[in-house]
Amino acid sequence: MKIKRQKTARKLISFYKHNYGFREPFQILLDGTFCQAALKNKIQIKEQMPKYLMGEVQMCTTSCVLKELESLGKELYGAKLIAQRFQVRNCGHFKNPESASNCLLSMVKNNNLHHYFVATQDQHLTTKIKKLSGIPLMYIVQNTMVLEKPSSKSIAQLPSLHSEQFVPVHQQKTIQHLKEEQGLVKESESQRKKRKRKGGPNPLSCLKKKVKPTQQPTKEKKQSRSSKKRRTAQSNPTI
């Protein structure tokens, strides 16, 4: 199961690399809900995240996330300690703090210029991020970190990013497969291919074979045979 998850993650990371310009180190923007879920499920984020994404990563958060965790008191004290270990990115809300969900959403708007991955358990934030394009979404399910499949918006945005002729063949297949999974394509290419109609037998095969006439022996052959008989009769006279 672990190998299958890594293969899926490799495929999705390749999608974001080729189409949205993601590069290592991958920047993971975390909120308090993700840190709390990692603490509850005993997941070492700093150790397991690079292994799962198969590359160098930078964990980061915002001052709004830290202030929200601090305001929630002792219940989320452990999540606050985890979040404080990460880099704090400038969100522009220092004077007027926003909620963590609004803050993270503002960080990835305008085409996600800094190429952030968003790690959250907040369903409200997740729903809003799926309406945007080019934002990898991560969450924790059953003691496991999961990278969500690209949203339908991310896939629909591809034609405007580049023409299909500049996309490698293997990447075109990946995009086509993701489109089919998201229901953006009514039928696959294999279904659109015209099937050959079953026709009747080949008319040439129905023709009767011409029977070659038997060649009759020529006169010369007949004469040679009669001369042979005469010679045999002369060589064997009757007693």
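Residues numbered from 1 in each chain as written. Predicted model: local features only at pLDDT ≥ 70, side-chain atom pairs only at ≥ 80, totals over all residues. Heavy atoms only, no water.

## Brief notes about the overall build of the protein chain
Inference 1: The secondary structure content of the protein chain amounts to 12 helices and 6 strands.
Inference 2: In the protein chain, the proportion of contacts linking residues at least 24 apart, taken out of those at least 6 apart, comes to 67%.
Inference 3: When the accessible surface of the protein chain is split by element, carbon and sulfur atoms take 51% of a total near 17200 Å². (Helix = DSSP H or I, 4+ residues; strand = E, 2+ residues; numbered from the N terminus. Contact = heavy atoms within 4.5 Å. Areas by Shrake-Rupley, 256 points an atom, 1.4 Å probe, with all protein chains shown as cover.)

## Considering the nonpolar core
Inference 1: With 55 residues, the main nonpolar core has Ile-28, Ile-45, Met-49, Leu-53 and Met-138 as its most contacted residues.
Inference 2: In contact with Met-138, other than residues within four places in its own chain, are Phe-34, Met-49, Tyr-52, Leu-53, Phe-117, Val-118, Ala-119, Thr-120, Met-145, Val-146 and Leu-147. (Core = buried A, V, L, I, M, F, W, Y, C linked by side-chain atoms within 4.5 Å. Buried < 20%, exposed > 50% of the residue type's maximum accessible area, 1.4 Å probe, protein only.)

## Overview of the sheet that holds strand β1 (residues 26-30)
Inference 1: The strand order across the open sheet built from 6 strands is β3-β2-β1-β4-β5-β6, with neighbouring strands paired in mixed fashion. Two strands lie at the open edges of the sheet, namely β3 (87-89) and β6 (144-147), each paired on one side alone. Put simply, the sheet's adjacent strands are angled 35° from each other on average, direction ignored.
Inference 2: Sheet strands touched by helix α1 (residues 2-20): β1 and β6. Its angle to β6, the strand with the most contacts, is close to 35°.
Inference 3: This element, helix α4 (residues 63-71), spans β1, β2 (57-62) and β3 of the sheet and lies at about 60° to β2. (Pairing = 2+ DSSP bridges. Axes fitted to C-alpha atoms, helices over the stretch in contact; angles between N-to-C directions.)

## Things to note about unusual backbone geometry
Inference 1: In this chain, Glu-24 is followed by Pro-25 through a cis amide linkage whose omega measures -5°.
Inference 2: With respect to the helices, strands and loops of the structure, Pro-25 is situated in the loop between α1 and β1.
Inference 3: Backbone geometry places Met-54, a non-glycine residue, at a positive phi of 55°.
Inference 4: By the element assignment, Met-54 lies in the loop between α3 (45-53) and β2.
Inference 5: Among the residues examined, Met-54 registers a relative accessible area of 31% and is labelled partly exposed.

## Observations regarding the confidence of the model for the protein chain
Inference 1: Of all residues in the protein chain, 72% have pLDDT values of 70 or greater, and the mean over the chain is 83.
Inference 2: For the protein chain, helix α11 (residues 189-192) is the element with the lowest average pLDDT, namely 51, and strand β4 (residues 116-119) is the one with the highest, namely 98. (pLDDT = per-residue confidence, 0-100.)

## Some remarks on the pattern of salt bridges
Two side chains of opposite charge can pair, provided their charged atoms sit close to one another.
Inference 1: Tallied over the entire structure, the rule returns 1 salt bridge.
Inference 2: The closest approach of N and O atoms between Glu-148 and Lys-130, which form a salt bridge, is 3.6 Å. Here the residue Glu-148 occupies a position in the loop between β6 and α8 (152-156), and Lys-130 occupies one in the loop between α7 (123-129) and β5 (137-141), the gap between them amounting to 18 residues.
Inference 3: On the basis of relative accessible area, Lys-130 is assigned to the partly exposed category, the value being 40%. (Salt bridge = Lys/Arg side-chain N within 4 Å of Asp/Glu carboxyl O.)

## Examining α1
Inference 1: An ideal rise of 1.5 Å per residue puts 27 Å on 19 residues; α1 measures up with 26 Å between its terminal C-alpha atoms.
Inference 2: Within the span of α1, buried status applies to Ala-9, Leu-12, Ile-13, Phe-15, Tyr-16, Asn-19 and Tyr-20. Down the axis of α1, the smallest arc covering the buried residues is 150°, so these residues share one side. Looking at α1, the residues exposed on the side facing more than 90 degrees away from the buried face are Ile-3 and Lys-7.
Inference 3: Positioned one or two residues after α1, Gly-21 has a phi angle of 75°, which is positive. (Expected span 1.5 Å × (residues − 1). Arc of directions from axis to C-beta.)

## Some words on the packing of aromatic side chains
Inference 1: Within this structure, the stated rule accounts for 6 aromatic pairs.
Inference 2: Ring centres of Phe-22 and Phe-117 lie 5.4 Å apart, and the angle between their planes is 85°; this geometry places the pair in the edge-to-face category. Taken as a pair, Phe-22 in the loop between α1 and β1 and Phe-117 in strand β4 lie far apart in primary sequence, 95 residues in all. Here Phe-22 matches Phe-117 in class, with each residue buried.
Inference 3: Aromatic rings pair up to connect Phe-15, Tyr-16, Tyr-20, Phe-22, Phe-26 and Phe-117 into one cluster. (Phe/Tyr/Trp six-rings, centres within 6.5 Å; stacked < 30°, edge-to-face > 60°.)

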